[in-house]
Amino acid sequence: MTQLNHKTTDPADISIKPIGIVHSCFTEKFGIPRQPGLVPAATGSIELYDWVEASSLDDLGVFSHLWIFFHFHQAAKRGWKPRVRPPRLGGNKKVGVLASRSPQRPNFLGQSVVRIDRIDQPGGIIHISGLDLLDGTPVIDIKPYIPYTDSVPDASEGYAFRPVHTLEVIFSPESLKVCVAYKARYGRQLKQLISQVLQQDPRPAYHQDNRTYGMRLWDINIRFSINQQTITVQTIEESHYAHTT
Ligand code: SAM
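Reading guide: rules and limits
Along each chain, the written sequence defines residue order, and numbers are assigned to residues from 1. Whole-chain, interface and lining totals are the exception, using all residues; otherwise, since this is a predicted model, local features are given only for residues with pLDDT of at least 70 and side-chain atom pairs are given and counted only at 80 or more. Hydrogens and water are ignored here; the side-chain numbers use all heavy atoms of the structure. Helix and strand assignments come from DSSP, with helices taken as H or I runs of at least 4 residues and strands as E runs of at least 2, each series counted from the N terminus. Here the globule rule reads 2.2 Å times residues to the power 0.38, and the radius of gyration is calculated from C-alpha atoms. To sort residues, take the accessible area from a 1.4 Å probe on protein chains only and compare it with the maximum for the residue type: under 20% means buried, over 50% means exposed, and anything in between is partly exposed. Pairs of residues are marked as contacts when any of their non-hydrogen atoms sit within 4.5 Å. Throughout, the Shrake-Rupley method with a 1.4 Å probe supplies accessible areas, and for residues the shown protein chains are the sole cover considered. The charge count treats Lys and Arg as positive and Asp and Glu as negative. His and the chain ends do not count. By convention, charge coordinates are those of NZ in Lys, CZ in Arg, CG in Asp, or CD in Glu. Note on terminology: near, applied to a residue and a molecule or strand, indicates that one of the residue's heavy atoms is within 4 Å of it. We define a polar contact as two N or O atoms separated by no more than 3.5 Å, with the added condition that, inside protein, one atom must be a possible hydrogen donor and the other a possible acceptor, whereas residues neighbouring each other in sequence contribute only through side-chain atom pairs. Side-chain classes follow a simple rule in which Ala, Val, Leu, Ile, Met, Phe, Trp, Tyr, Cys and Pro form the nonpolar group, Asp, Glu, Lys and Arg form the charged group, and the remainder, Gly included, forms the polar group. Following DSSP output, two strands are said to pair if at least two bridges run between them. All axes here are fitted lines through C-alpha atoms, helices being fitted over the stretch that makes contact, and every angle between N-to-C directions spans 0 to 180 degrees.

(A) Focus on the overall build of the protein chain. Counting secondary structure elements, the protein chain contains 4 helices and 12 strands. Against the globule reference of 18 Å for 245 residues, the protein chain gives a C-alpha radius of gyration of 20 Å, in line with a compact fold. For the protein chain, the C-alpha atoms occupy an extent of roughly 70 × 50 × 35 Å along the three principal directions. The buried share among the 245 residues of the protein chain stands at 39%. Counted over contacts in the protein chain with a minimum sequence separation of 6, partners at least 24 positions apart contribute 70%. Put simply, the protein chain shows about 14600 Å² of open surface, and 54% of that area lies on carbon and sulfur atoms. Across the protein chain, 27 positive and 23 negative side-chain charges occur, with their mean positions spaced 9 Å apart.

In structure tokens:
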């Protein structure tokens, strides 16, 4: 068999058309957990495009979770590098990009397993939770999660151990009132979402100073301060963010 000289074979481009779009509580990147499942209260939906028959979703409801294969659309603008600095290694050590889950990768492809909460048929809307995706993320494919083959209990975790959180999250009385009103109006568990996101400590690994931060979830602006191991949610205000259409 002739040895392919990888330097000369110019792979033909493959054109892929997104099948839908993610609507997510994460309307900005700051605060998105590094993997799915870390913030169970993170809700959103996948809206299929018309060209994909909604009947493609028939019987997906017998599964509890699904894989989303998607395009890191906000990373694509910045290109990719063969070696990256995973935040969990403190932002110093470099590893090969294919030995990471970095968004800055050759084809900007990502994969996340998320919980299926509800499927609206017809309409082709899948309501999901536990996501780690930015609002507007293009969906390339979805597949049912199949435990017997997709989980490998004795696999080694390499440098990607499950993050441990010790931060305590407390709310000012005014911000608690906003959470109660928001839940009454939209049915969204805002307090749980904010708590679970902040427990992940959204600060960049190399920037762990005690100060006040701003973050946005859905159409809500949150201001919080960090002092040692305690996060205090100071204010929560509705902003006017146009969700992905
Ligand atoms: N679970 C996926 C995987 O393993 O391919 C994503 C892992 S990646 C480390 C998760 C991060 O990707 C999030 O914390 C967020 O900062 C970033 N992200 C999510 N959606 C994105 C998008 N559409 N474009 C660029 N970056 C995105």
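(B) Summary view of the site of the ligand. Around the ligand sit 21 residues, and of these Gln 35, His 73, Arg 101, Asp 132 and Thr 137 come closest. Here an oxygen atom of the ligand and a backbone polar atom of Ile 32 are 3.2 Å apart. Backbone polar atom of Gln 111 to a nitrogen atom of the ligand: 2.9 Å apart, as the coordinates give it. Against a free-state accessible area of 600 Å², the protein chains account for coverage of 91% of the ligand. Listed by contribution, the elements that provide at least two residues to the shell around the ligand are strand E3 (65-71), helix H1 (73-76) and strand E6 (109-120). Residues of the shell around the ligand, tallied by class, amount to 9 nonpolar, 8 polar and 4 charged.

(C) Examining unusual backbone geometry more closely. Backbone torsion omega between Gln 121 and Pro 122 reads -5°, so that peptide bond is classified as cis. Turning to its location among the elements, Pro 122 is positioned in the loop between E6 and strand E7 (125-129). Here Asp 59, not a glycine, exhibits a phi torsion of approximately 75°, which is positive. Position of Asp 59 among the secondary structure elements: in the loop between strand E2 (43-48) and E3. Positive phi, close to 45°, is recorded for Trp 218, a residue that is not glycine. In this fold, Trp 218 is placed in the loop between strand E10 (212-217) and strand E11 (220-227).

(D) Fine view of the sheet that holds strand E8 (residues 138-144). In spatial order, the strands read E1-E2-E7-E6-E3-E8; together these 6 strands close into a barrel with antiparallel pairing. Taken pair by pair, the neighbouring strands of this sheet meet at an average axis angle of 45°, ignoring direction. Pairing analysis gives 7 bridges linking E3 to E6, with the strands arranged antiparallel. From the neighbouring strand, Phe 69 faces E6, where its bridge partner is Gln 111.

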